[in-house]
Amino acid sequence: MANIRKIARRTFLIGSAAIVGGAAFGAWYVNRPAENPLKTPEGGAAFNPFVLIDQNGITLIAKHVEMGQGSRTTLAALIAEELDVRLEDVRVLQGQPAQAYYNSALLGELVPGNGYDRGGFAHALGETLGVLGKVLNMQVTGGSSAMKDGFTQMRLAGASAREALKDAAAARLGVAKSQLKTENGQVIAADGTTLAYTELAAEAGQMDLSEPELRPASEWKYIGKSMPRVDMAGKVTGTAQYGMDVRPEGLKFAALRANPKRTGMTKFDASAAETMPGVEGVYDLGDAIAVVANNTWLAMQALEAVEVTWGAALYPNETDQIFARIEQGFDLEANSTMRDDGDAEAGAPTGSLAVEAQYKAPYLAHAAMEPLNATALYTGDAMEIWSGNQGPMLHRQHAAAEAGLTEEQVTLHTPYLGGGFGRRGDFDYTSYVARLAVQMQGTPVMLTWSREEDMRHDFYRPGALARMKGAVKDGRAVLLDGQVSAQSTTVQVMKRWMDFEVGGPDKGHVDAIFNAPYAIENHRVRGYHADVDVPVGAWRSVAASFNAFFQDSFMDEMAHAAGVDPLEFRLQHMREEFPEGAACLEKVREMSAWTGSTPEGVGRGVAFAYSFGTPVAQVVEVVQQDSGIHVNKVWIACDMGTALDPSIIEAQMFGGMVYGLSAAIYEEITFSNGEVEQYNFPDFDATRMHTMPEVEVAILEAQEHLGGAGEPGTPPIAPALANALFDLTGTRARELPLNKTFDFKY
Amino acid sequence: MATRLTVNGKQLNTDLPEDVPLLWVLRDEFGMTGTKFGCGVSACGACTVHIDGEAQRSCQVALGDVWGDVTTIEGLGTPDNMAVIQQSWLDHQVAQCGWCQSGQIMQAASLLAQNPTPTDQDIDDAMQGNLCRCGTYPRIRAAIHDAASKIGG
Ligand code: FES
Ligand code: FES
């Protein structure tokens, strides 16, 4: 295994060569079943890493963390579908860090090709590549991949346990297995005898497991239905436990202050802080200070009294200088040319009308509702950690390194996450608490970030620039030549998380632009990696969040130049290229009764994006009110392939849209003197109840493969809104956030 | 000097300094973690509790200034015995990450106590201080109308 890891740790190509890498590991390694992390319970059985039954009841294990997206419920429903149990009768727990819970679908996104026309062959390649996740210990919740990852695996886990339980019942009753059926946690014999799974579990655990057949869709009871979420009762009664809510015996409360310029610290003076009320100690964490007290607020107050001299930033001090470096990215060699149809180099074909535009998107913070925090207890030869996180193995690995322990010596619990949006894949807050806990051996400590620390020490959505050239002729686009320059999230994240140097074409960097499913004769998309080192990370929908803005704002500009209705213009270029995508556009046209014209004081815009396997079309309506422009309504149509849980998908679609809407209107992270200038929500506001549009969501199921739900709702809203504002005002905004150009209702 | 508070009908004492915000007394001193910290500056509403039945931002009320009986989300109802409004939240499957929801529910409960039949405009006015990064607003609105119809009978 060490060998394999070494191969993997060499430069890992993120484009086409990754497949070669995937093949190099060989089926023998990746198909070996991972060890079951569940221990056999007294008088029961752990059938596989996902199903545990003993006399106390039935426990299902969710491999992906619950950060609001509802995956715990749907993963459990997939198991329950085959196991024949009711969700209200089982416990659903979060999986501990373990290889058995690796994400097989996340890396599948790296398969070359545009995704939307992925045939059987490319899809299989995606699955092959997905197993790389196992080699790399990628137990990660992200990339809208939880359902693609779990759809078959969870049903198999339920079905194989069910078959073992029937085997045990057949043996006990002395009847043929074919005479038995299962329902609501019981095996039922032909004569009406019932045996509860809980009493059969120990015997069933002794049975050989065989690969069972999965039920056809026509027999599904739960899949495709809106299931009551398993986390809902806890979340509406204040009893659900999040990272910040754990209270191990003897817990101390600490607050953090880290370098806002993101490097080290030259010196600090904590003498004033040490004598403040409640303070029990001030700790040096290398590039940060922690104050430990008997109350979080008292710790935060004392931190203010610490005088620190911070090291200088490793990136340019001012926003303008940072964007100048992004602009210079266009002068470097392109990192990728993921699309190159026809001859874009030749420019606008004769007789066509040239269209050109440049766009800009800012850096963005995640601002999850629960500020970052983690808790740890170090006892010399072991450590226990509670951290709401999106990558349990990764967090455990880095905590262990901090403490000089092996990963096995560290127990990591993942309580509910008060939002993640990509931020909690990064493990800095877990590392900090581990570093602190080592200095407080024997005492559990919770390290909480203030909102200000959280906002000013994020791994930001990169700022990005685009240069778009196009041409239209006879009502059609005949040229689209797009260039995008930004920092690469992929490169930074892989380096930070896995210590990988990634090279080669970075597909994620140009997601939702190179694979925008428009058929255009001369069509090229080039991605550039800007040479600047602001800390960046995965932000809900990653690069699709800015690329869709560039792509679909420009489509709108071309439509207007061509004199064609913007919705019809998109359809003309998509109908044959990607019928499922076109169907989403048709759907929002119907839902919104789109006519192409709007009365005075009303504007409408449309946009489309394909990301994380899901096409999404959105129509936005804005109205001019006395107090400013109000976003009145958003119609959303998506194609999920199979809609596993319509209510959860609907919530993700409008939730993802709102996350993008907040960013599109209000949000921007800027730098001055090397420090982020935004501190708290008043500087980084979001859509609220009175500014929230009405929403309507339609879920289509025509795609052959499952689509992701958590992210694809985010990318289309910024261009749809900018397009609607153009319709309302005649002003074309090419820079986000849009409140720089327009007055919105507050 | 000990300060005495009445929280969810129980008398509780604390020796914390009088300037500690009620939020942090509830969470770190009394272990009542249903009330959430989101911003500390009155900009998100995650910390909303009731004082004498009225919604207040507990991050802005100093321990020494608490002027009446405190009710938190834990005092509203429990998983086995939910308040009507919590049941409406459950029926409408409102919560996503859920971190803002204690505050949303306390704010909405206070609205309904004062105005049993709120219009959409009333909901906008009462709820705009409560941020939800997951964007659950449409379902919050539906749940409030639902609870209003149930409470009003
Ligand atoms: S924590 Fe009190 S309003 Fe945000
Ligand atoms: S449900 Fe996540 S912030 Fe409201």
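Going along each chain's sequence as written, the residues are numbered from 1 onward. Naming scheme: in the order in which they are written, chains are lettered from A and ligands are numbered from 1. Predicted model: local features are reported for residues with pLDDT of at least 70 only, side-chain atom pairs are reported and counted for 80 or more only, and whole-chain, interface and lining totals are derived from all residues. To obtain the side-chain values, all non-hydrogen atoms of the structure were included, while hydrogens and water were left out.

## Considerations on the overall build of chain B
Each helix corresponds to a stretch of at least 4 residues labelled H or I by DSSP, and each strand to a stretch of at least 2 residues labelled E; elements are numbered beginning at the N terminus. In terms of helices and strands, chain B carries six helices and five strands. Ordering the α and β elements of chain B from the N terminus gives β-β-α-β-β-β-α-α-α-α-α. Expressed as lengths along the three principal axes of its C-alpha atoms, the size of chain B is roughly 45 × 30 × 25 Å. Burial here depends on accessible area, computed with a 1.4 Å probe over protein chains only, as a share of the maximum for the residue type. Under 20% is buried, over 50% is exposed, and the range in between is partly exposed. Residues counted as buried form 61% of the 153 residues belonging to chain B. Contact criterion: two residues are considered in contact whenever any of their non-hydrogen atoms come within 4.5 Å of each other. Relative to all contacts within chain B whose residues are 6 or more apart in sequence, the contacts with residues 24 or more apart total 54%. The accessible surface values rely on the Shrake-Rupley method and a 1.4 Å probe; as for residues, cover is taken only from the protein chains in view. Element-wise, carbon and sulfur atoms account for 46% of the exposed surface of chain B, whose accessible area totals about 5500 Å². A positive count includes Lys and Arg, and a negative count includes Asp and Glu. His and the chain ends are not counted in either. Charge positions are represented by NZ for Lys, CZ for Arg, CG for Asp and CD for Glu. Both charge centroids of chain B, one from 9 positive and one from 17 negative side chains, sit 8 Å from each other.

## What to know about the sheet that holds strand β4 (residues 57-62) of chain A
Residue and element names in this part refer to chain A. The rule for pairing is simple: two strands pair if DSSP sees at least two bridges between them. In space, the four strands of this open sheet follow the order β2-β3-β4-β5, with mixed pairing throughout. Lying at the two open borders of the sheet, with one neighbouring strand each, are β2 (45-48) and β5 (90-94). Along the sheet, successive strands turn relative to each other by an average axial angle of 25°, direction set aside. Strand direction decides the pairing type here: β4 and β5, joined by five bridges, are parallel. Helix axes use the C-alpha atoms of the stretch in contact, all axes being lines fitted to C-alpha atoms, and the angles between their N-to-C directions lie in the range 0 to 180 degrees.

## Description of the pairing of strand β9 (residues 252-258) of chain A
All names here are of chain A. Across the seven residues that make up β9, a large majority, five, are buried. As judged from the six bridges shared by β9 and strand β12 (residues 288-293), these two strands associate in the antiparallel manner. What sits directly across from F253, in β12, is A293.

## Details of the packing of aromatic side chains
Residue and element names in this part refer to chain A. The pairing test for Phe, Tyr and Trp rings, Trp by its six-membered ring, is centres within 6.5 Å, and the orientation test on the planes gives stacked under 30 degrees, edge-to-face over 60, and tilted for anything in between. Per the counting criterion, the structure on display carries 19 aromatic pairs over all chains. A ring pair is formed by F330 and Y528, whose centres lie 5.6 Å apart and whose planes are at 65°; its orientation type is edge-to-face. Residue F330 is located in the loop between α12 (319-328) and β14 (336-341), and its partner Y528 is located in strand β23 (residues 522-529); the two are separated by 198 residues in the primary sequence. A relative accessible area of 4% places Y528 in the buried class. Three or more aromatic residues joined by ring pairs form one cluster here, namely Y315, F323, Y363, Y460 and F671. Positioned over the ring face of Y416 is K235, at 4.8 Å from the centre of the ring. Above the plane of the ring of F459 lies R496, whose end atom (NZ or CZ) is 3.7 Å from the centre. When the NZ atom of lysine or the CZ atom of arginine is within 6 Å of a ring's centre and also within 35 degrees of its normal, the charge is said to sit over that ring.

## A few points about the sheet that holds strand β6 (residues 181-183) of chain A
Residue and element names in this part refer to chain A. In spatial order, the strands read β6-β7-β8; together these three strands make up an open sheet with antiparallel pairing. The two strands at the open ends of the sheet, each matched to only one other strand, are β6 and β8 (194-196). Geometrically, the sheet is characterised by an average inter-axis angle of 30° between neighbouring strands, direction not taken into account. As judged from the three bridges shared by strand β7 (residues 186-188) and β8, these two strands associate in the antiparallel manner. Considered in β8, the bridge of Q186 is made with A196. Against the sheet, helix α8 (residues 197-204) touches β6, β7 and β8, its axis set at about 75° to β8.

## Quick word on the side chain of E163(A)
All names here are of chain A. Relative to the assigned elements, E163 resides in helix α7 (residues 146-173). We classify E163 as buried; its relative accessible area is 14%. With residues near it in sequence (within four places) discarded, E163 still touches K177 and P212.

## Considerations on the pattern of salt bridges
Residue and element names in this part refer to chain A. Between Lys or Arg on one side and Asp or Glu on the other, a salt bridge is scored when a side-chain nitrogen of the former is within 4 Å of a carboxyl oxygen of the latter. Tallying each qualifying case throughout the model produces 59 salt bridges over all chains. Where R451 meets D454, a salt bridge forms, and the shortest distance between an N and an O atom there is 3.7 Å. Here D454 and R451 lie together in helix α15 (residues 451-456), a separation of three residues that amounts to about one turn. In terms of burial, R451 and D454 fall into one category: buried. A salt bridge links R589 to E568; its shortest N-O distance comes to 3.1 Å. Within this pair, whereas R589 is found in helix α19 (residues 579-591), its partner E568 is found in helix α18 (residues 566-574), the two being separated by 21 residues in sequence. Several salt bridges converge on common partners, so that one network encompasses E82, R162, E163, K166, D167 and K177.

## Some words on the interface of chain A and chain B
Contacts between the two partners involve 63 residues from chain A and, on the opposite side, 54 residues from chain B. Each of two parts loses accessible area, computed with a 1.4 Å probe, when they are put together; buried area is these two losses added. Buried surface at the junction of chain A and chain B, both sides included, amounts to about 4600 Å², of which 62% is carbon and sulfur. Our count for the contact surface shared by chain A and chain B stands at five salt bridges. With a shortest N-O distance of 3.3 Å, R247(A) and D28(B) are connected by a salt bridge.

## Observations concerning the domain arrangement of chain B
Residues and elements named next belong to chain B. Domain start and stop points were drawn from an automatic or database domain assignment. Structurally, chain B comprises domain 1 (3-74) and domain 2 (76-152). Tallying the contact residues gives 20 residues for domain 1 and 16 residues for domain 2. Across the interface of domain 1 and domain 2, roughly 1400 Å² is buried in total on both sides, 52% from carbon and sulfur atoms. Together, K36, H50 and I73 form the three largest contributors to the area buried by domain 1 at its contact with domain 2, with a combined 37%.

## Brief notes about unusual backbone geometry
The omega torsion across L736(A) and P737(A) is -5°, close enough to zero to call that bond cis. Inspection of the secondary structure puts P737(A) in the segment after α21 (717-729). In this model, F421(A) sits at a positive phi of 60°, which is unusual for a non-glycine residue. By the secondary structure assignment, F421(A) is in the loop between β18 (410-413) and α14 (428-438). A residue is classified by how much of its surface remains accessible, and F421(A), at 10% relative accessible area, is buried. Residue N8(B) is not a glycine yet carries a positive backbone phi of 50°.

## Observations regarding helix α6 (residues 137-152) of chain B
In an α-helix, one turn spans 3.6 residues, which is why side chains three or four residues apart end up on the same side. Here α6(B) spans 22 Å end to end across 16 residues, near enough to the 22 Å set by a 1.5 Å rise per residue. Residues of α6(B) that are buried include every one of Y137(B), R139(B), I140(B), R141(B), A143(B), I144(B), D146(B), A147(B) and A148(B), and no others. Each element contacted by the buried residues of α6(B) is listed here: α20 (646-666) of chain A together with α3 (84-91), α4 (101-114) and α5 (120-127) of chain B. Expected span, for any helix, means 1.5 Å times one less than how many residues it has.

## Quick notes on the domain arrangement of chain A
Residue and element names in this part refer to chain A. In terms of domain boundaries, chain A breaks down into domain 1 (33-103 + 139-235), domain 2 (243-312 + 372-448) and domain 3 (332-364 + 460-740). The gap between the C-alpha centroids of domain 1 and domain 2 is 36 Å. Buried surface at the junction of domain 1 and domain 2, summed over both partners, amounts to about 1200 Å²; 60% is from carbon and sulfur atoms. Remark: the boundary between domain 1 and domain 2 carries zero salt bridges. A 3.5 Å cut-off defines polar contacts: any pair of N or O atoms within that distance qualifies, except that in protein one atom must be a possible hydrogen donor and the other a possible acceptor, and neighbouring residues in sequence count only when both atoms are side-chain atoms. At the boundary of domain 1 and domain 2, one finds one residue pair in polar contact (both at pLDDT 80 or more). For this scheme, ten residues count as nonpolar: Ala, Val, Leu, Ile, Met, Phe, Trp, Tyr, Cys and Pro. Four count as charged, namely Asp, Glu, Lys and Arg, and the remainder, Gly too, count as polar. Along the lines of polarity and charge, the residues of the side of domain 1 that touches domain 2 split into five nonpolar, five polar and four charged.

## Side note on the side chain of H395(A)
Residue and element names in this part refer to chain A. Residue position: H395 is located in helix α13 (residues 392-403). A distance of 3.2 Å separates a polar side-chain atom of H395 from the backbone oxygen of R424. Within polar-contact distance, the side chain of H395 engages the side chain of T430 at 2.7 Å. With residues near it in sequence (within four places) discarded, H395 still touches S387, N389, Q390, L412, R424, G425, D426, F427, Y429 and T430.

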